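What the coordinates show
One letter stands for each residue in the lines below.
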Amino acid sequence: QLQLVESGGGLVQPGGSLRLSCAAFGFTFRFGAIGWFRQAPGKEREGVSCISSSASSTNYADSVKGRFTISRDNAKNTAYLQMNSLKPEDTAVYYCAFGPICTMKASDYKYWGQGTQVTVSS
């Protein structure tokens, strides 16, 4: 059964850091791209970052460039999102998704995790 499981969310103060993980089960992780998305209350889901199957290509939303770093370890079937210099506006549920190519469009991804809450507050 194909499954994506996010972890690593939590409560952090502004300026702090978190590392999210996305573990894949039941499919060949290395043959697809991973996207990270987030959704804040009352807002649409937005693309945060993506990484291609071989990690040769990455993309970031302008709002997180220079602060977030996406990576993957295909041997461990896991992708990561390192988030530094967190701001209150980063507060959202973060989702990872699996799809054929690295894009920032949610509709391009077929498989999704259940999400992990990130709250940035003092």
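Residues numbered from 1 in each chain as written. Predicted model: local features only at pLDDT ≥ 70, side-chain atom pairs only at ≥ 80, totals over all residues. Heavy atoms only, no water.

1. Quick notes on the pattern of salt bridges
Put simply, the rule reads: Between Lys or Arg on one side and Asp or Glu on the other, a salt bridge is scored when a side-chain nitrogen of the former is within 4 Å of a carboxyl oxygen of the latter.
The full count for this structure, using the stated rule, is four salt bridges. Residue Lys-65 is joined to Asp-62 by a salt bridge in which the shortest nitrogen-to-oxygen separation is 3.2 Å. Through salt bridges with shared partners, a single network forms among Arg-38, Glu-46, Arg-67 and Asp-90.

2. Describing the sheet that holds strand β8 (residues 78-83)
This is how the line gets drawn: Strand pairing is assigned whenever DSSP identifies at least 2 bridges connecting the two strands. The helix count covers DSSP runs of H or I at least four residues long, the strand count covers runs of E at least two residues long, and both are numbered beginning at the N terminus. Fitting a line to C-alpha atoms yields each axis, with helices limited to the stretch in contact; the angle taken between N-to-C directions then spans 0 to 180 degrees.
The four strands lie next to each other as β1-β3-β8-β7, forming an open sheet whose pairing is antiparallel. Strands at the two margins of the open sheet, each flanked by one partner only, are β1 (3-7) and β7 (68-73). Strand after strand, the sheet turns through a mean of 15° between neighbouring axes, direction not considered. One ladder, built from five bridges, connects β1 with strand β3 (residues 18-25); its direction is antiparallel.

3. What to know about the state of the cysteines
Worth spelling out the cut-off: To count as a disulfide, a pair of cysteine sulfur atoms needs to be within 2.5 Å. Exposed residues in this analysis have more than 50% of their type's maximum accessible area, buried residues have under 20%, and partly exposed residues fall in between, with area computed by a 1.4 Å probe over protein chains only.
One pass over the full model with this rule turns up two disulfides. Each sulfur of the disulfide joining Cys-22 and Cys-96 lies 2.1 Å from the other. Here Cys-22 and Cys-96 share a disulfide; its torsion about the S-S bond, 70°, makes the bridge right-handed. Pair noted here: Cys-22 is in strand β3 and Cys-96 is in strand β9 (residues 92-99), with a separation of 74 residues, a long-range link. Judged by relative accessible area, which is 0%, Cys-96 ranks as buried. Each sulfur in the disulfide pair Cys-50 and Cys-102 lies 1.9 Å from the other. In this structure, the disulfide formed by Cys-50 and Cys-102 twists by about 75° around the S-S bond and is classed as right-handed. Of this pair, Cys-50 sits in strand β5 (residues 46-51) while Cys-102 sits in the loop between β9 and β10 (111-112); the two residues are 52 residues apart in sequence, bridging distant segments of the chain.

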